[in-house]
Amino acid sequence: LRGLWVSCSMILKILKVLGQLVLALLVLIILFLAVSLAPIDDTPYRQMPYYTQTKQLLAQLPAPLPAQTGLRAGWAKVNLTPAYTTPTGGYGVRRGAHWTTVTDSVWVRAVALDNGSTRVALVALDLLITPPTVTAQLKKRLPEVGLRWENLYIGAIHSHNSLGGWAPGLVGNLFSGPYEDRIVTHITNTILQAIAAAQRQVAPVQVGYQDVDATSLLYNRLQEGNPVDGPVRMLKFQKATGESALLCAFAGHATIWDANASQFLSRDYPGALVDKLAKETGSFPLFLAGAVGSTGPHHAGATATLAIDSYTDSLMNHIRPTLTRFQLKTDSTLTLRTLPLGLRDPQARVLGNWAVRPWLFKTLYGDFPSDLKALRIGNTLLLATPCDFSGELMPPLLSLARHRGLHLLVTSFNGGYVGYITPDRYYNKDAYETRTMNWFGPYNGAYFTEMMSGLIR
């Protein structure tokens, strides 16, 4: 009996210690949740200080400088493929796996523009996005090529099989693999080289715009059957020598390579399209992802390479008849405006309408400034956004631009990144685009639309 009593006493002591440990753990969990989670702030955006600040900055944007010459342009590309492998950016499930096979090299393409009073560099990156870390370096180093951040219009093709390793923090590691500073410096160096090479080729050009509907090649990933932004939009520059550059923007996600194909470095279908355009036209094509938020490519093929070939052929079948229809004109209009974009505090939701507090989000992701950019070339206006911008937000912007006599071309990934911007009616929809990738709370669809409309005006 004494032995049984001793055993029971020891068990009771152990249970008491375990109970104390469990209680302490629960207290720690409650304290952690209290300091790391907060309910969603659903204050209407027009009542928020960031809105007032951005409206003031919009009203204070300077008027365009009068042109001193007609429009001049030059273009060049520099190979971005490094001598070493990197993580393959694009899908979190890859867990930092490196590409090992260069299916097709990745590039930086640049068009330098000038009208005697305004200088602009338009840059297209064969990357998933324009990394904010690269933006930070460019802001310091663009004077090496005679420019500032306010002279740069930049975007990416959004390939999910390109270089990674360019984003620090837990969130950045999920999308692009473990961070390496040398990758950021390599991308920055290549951009500066491409701009400098393009600047050396500047000569008078004529400019023209065309678009063609390719809605049949897209689907709405967020809501099957809902609208997409279907046109392929094209802006052409041509020198007196006949040399030409052709900018294309389209809203299909470059995701024909899937998450299991981490070993392949590739530009996906945008790269194949650029190559086919170069071969058929002899021009210098470049591609920018358009309003890709929630939009995927309709494709089919036994393998990714066959699917890319088939999809690109379908795109070319749409584009080819328009290539001879450009009405090229001499013009001197060149204006670029950068609007610093205020945002609500980060509100990445994790439990119902509870989100991680801003300090924790910034610890996991970083704290990067964002802009909207508006570049007018002749009667074409390009708007660059720091996000996956939804094609469902395009109609009022296109209508306003038409009313102003402008062709509108919206691009994503301009050097900041704030997640997906989708129509506000989807905010509570349980979907990847509207929950996992909505980082800055409600009403951003309306807010972005209002600020972009202001830039059009």
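Each remark here, short or long, concerns the structure printed above.
The following refers to the structure shown. (Residues numbered from 1 in each chain as written. Predicted model: local features only at pLDDT ≥ 70, side-chain atom pairs only at ≥ 80, totals over all residues. Heavy atoms only, no water.)

1. A word on the nonpolar core
In this structure, Val123, Ile191, Ile195, Phe389 and Phe448 are the most contacted members of the largest nonpolar core, which totals 84 residues. With 10 residues, helix α5 (residues 181–199) is the largest single contributor of residues to this core. (Core = buried A, V, L, I, M, F, W, Y, C linked by side-chain atoms within 4.5 Å. Buried < 20%, exposed > 50% of the residue type's maximum accessible area, 1.4 Å probe, protein only. Helix = DSSP H or I, 4+ residues; strand = E, 2+ residues; numbered from the N terminus.)

2. Quick look at helix α7 (residues 304–319)
Taking 1.5 Å per residue as the helical rise, α7 with its 16 residues ought to reach 22 Å, and the 22 Å between its terminal C-alpha atoms agrees with that figure. Where α7 is buried, its residues meet β9 (203–213), β10 (218–220), β11 (231–239), β12 (244–250), α6 (268–281) and β15 (295–297). (Expected span 1.5 Å × (residues − 1). Contact = heavy atoms within 4.5 Å.)

3. Quick look at the packing of aromatic side chains
Using the criterion set out here, one finds 17 aromatic pairs in the structure. On the basis of an interplanar angle of 85° and a centroid distance of 6.5 Å, the ring pair of Phe250 and Tyr269 is categorised as edge-to-face. Residue Phe250 is found in strand β12, and its partner Tyr269 is found in helix α6; the two are separated by 19 residues along the sequence. Residue Phe250 is classed as buried on the basis of its relative accessible area of 1%. Among the aromatic residues, ring-to-ring pairing joins Phe361, Tyr365, Phe368, Phe413, Tyr417, Trp439 and Phe440 into one connected group. The ring of Tyr427 has Arg349 lying over it, and the distance from NZ or CZ to the ring centre is 3.8 Å. Sitting over the ring of Tyr426, Arg425 keeps its end group 4.7 Å from the ring centre. (Phe/Tyr/Trp six-rings, centres within 6.5 Å; stacked < 30°, edge-to-face > 60°. Lys NZ or Arg CZ within 6 Å of the ring centre and 35° of its normal.)

4. Topic: the packing of helix α2 (residues 49–59) against helix α11 (residues 444–456)
Orientation of α2 relative to α11, taken along the N-to-C sense of each, is 10°, at an axis distance of 10 Å. One finds that α2 runs roughly parallel with respect to α11. In the crossing of α2 with α11, the sense of the turn from one axis to the other is right-handed. Residues Tyr50, Tyr51, Thr54, Lys55 and Leu58 of α2 form the contact with α11, whose own contacting residues are Tyr447, Glu450, Met451, Gly454 and Leu455. When the residues that make up the contact of α2 with α11 are grouped by side-chain class, the tally is 6 nonpolar, 2 polar and 2 charged. (Axes fitted to C-alpha atoms, helices over the stretch in contact; angles between N-to-C directions. Parallel < 35°, antiparallel > 145°, perpendicular 65-115°, else oblique. Left-handed = near helix turned anticlockwise from the far one by under 90°. Nonpolar A, V, L, I, M, F, W, Y, C, P; charged D, E, K, R; others polar.)

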